[in-house]
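Fold and geometry: a report
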Amino acid sequence: MDDETLNRLAVEALLEEAKVGAKRAEIMGPSGWIKPKESINKRFLHSTLRNVVLSNKYHIKRKEKTKEKQLHEQESTVK
């Protein structure tokens, strides 16, 4: 390839990257210009998922206790 072709391809690649960055910036704001990371922070993901599951279990148990308490109160007022 000659220099002119290489320059043209480089310009096209830069323009395409700028278009994609502009689209991301419309959706995400100024941080959209930052390219997304290729890897995932697995430690953070694991701890987040674990905490969500624990929180959900806590809220489910709390709802069940509240329902049991309400049923018990209704039974005691009926008698």
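Residues numbered from 1 in each chain as written. Predicted model: local features only at pLDDT ≥ 70, side-chain atom pairs only at ≥ 80, totals over all residues. Heavy atoms only, no water.

For the protein chain, an unreviewed UniProt entry supplies the name Protein POLR1D and the organism Dufourea novaeangliae.

**Quick notes on the overall build of the protein chain**
When helices and strands are tallied, the protein chain shows two helices and zero strands. Taking 2.2 N^0.38 as the reference for a compact globule, 79 residues should give roughly 12 Å; the C-alpha atoms of the protein chain span a radius of gyration of 28 Å, well beyond that estimate. Dimensions of the protein chain, computed from C-alpha atoms along their principal axes, come out at roughly 95 × 25 × 20 Å. Relative to its 79 residues, the protein chain shows a buried fraction of 4%. Carbon together with sulfur atoms contributes 60% to the accessible area of the protein chain, which is approximately 8000 Å² in total. Between the averaged position of the 17 positive side-chain charges in the protein chain and that of its 12 negative side-chain charges there is a distance of 16 Å. (Helix = DSSP H or I, 4+ residues; strand = E, 2+ residues; numbered from the N terminus. Rg over C-alpha atoms; globule rule 2.2 N^0.38 Å. Buried < 20%, exposed > 50% of the residue type's maximum accessible area, 1.4 Å probe, protein only. Areas by Shrake-Rupley, 256 points an atom, 1.4 Å probe, with all protein chains shown as cover. Lys, Arg positive; Asp, Glu negative; His and termini not counted. Charge placed at Lys NZ, Arg CZ, Asp CG, Glu CD.)

**Thoughts on the pattern of salt bridges**
A full pass over the atoms with the stated rule returns one salt bridge. Measuring nitrogen to oxygen at the nearest pair gives 3.1 Å for the salt bridge that ties Glu 12 to Arg 8. One end of the pair, Glu 12, and the other, Arg 8, are both in helix 1 (residues 3–28), four residues apart, so they sit about a helical turn from each other. A relative accessible area of 44% places Arg 8 in the partly exposed class. (Salt bridge = Lys/Arg side-chain N within 4 Å of Asp/Glu carboxyl O.)

**Quick word on a nonpolar patch on the surface**
Residues Met 1, Leu 6 and Leu 9 make up a contiguous nonpolar surface patch of roughly 320 Å² in combined accessible area. Tracing the sequence through the fold places Leu 6 in helix 1. Looking at Leu 6, the relative accessible area reads 43%, which means it is partly exposed. (Patch = residues over 30% accessible without salt bridge, like charges linked within 9 Å, V, L, I, M, F, W, Y side chains within 5 Å.)

**A closer look at helix 1**
One full turn of an α-helix is made of 3.6 residues, so residues set three or four places apart face in the same direction. For helix 1, with 26 residues, the first-to-last C-alpha span of 37 Å sits near the 38 Å given by 1.5 Å per residue. One or two steps after helix 1, the chain reaches Gly 29, where phi turns positive at roughly 85 degrees. (Expected span 1.5 Å × (residues − 1).)

**Describing the environment of Thr 48**
Summarising the element assignment, Thr 48 is placed in helix 2 (residues 42–78). A polar contact of 2.8 Å, which involves the side chain of Thr 48, links it to the backbone oxygen of Phe 44. (Polar contact = N/O pair within 3.5 Å; in protein donor to acceptor, adjacent residues only side chain to side chain.)

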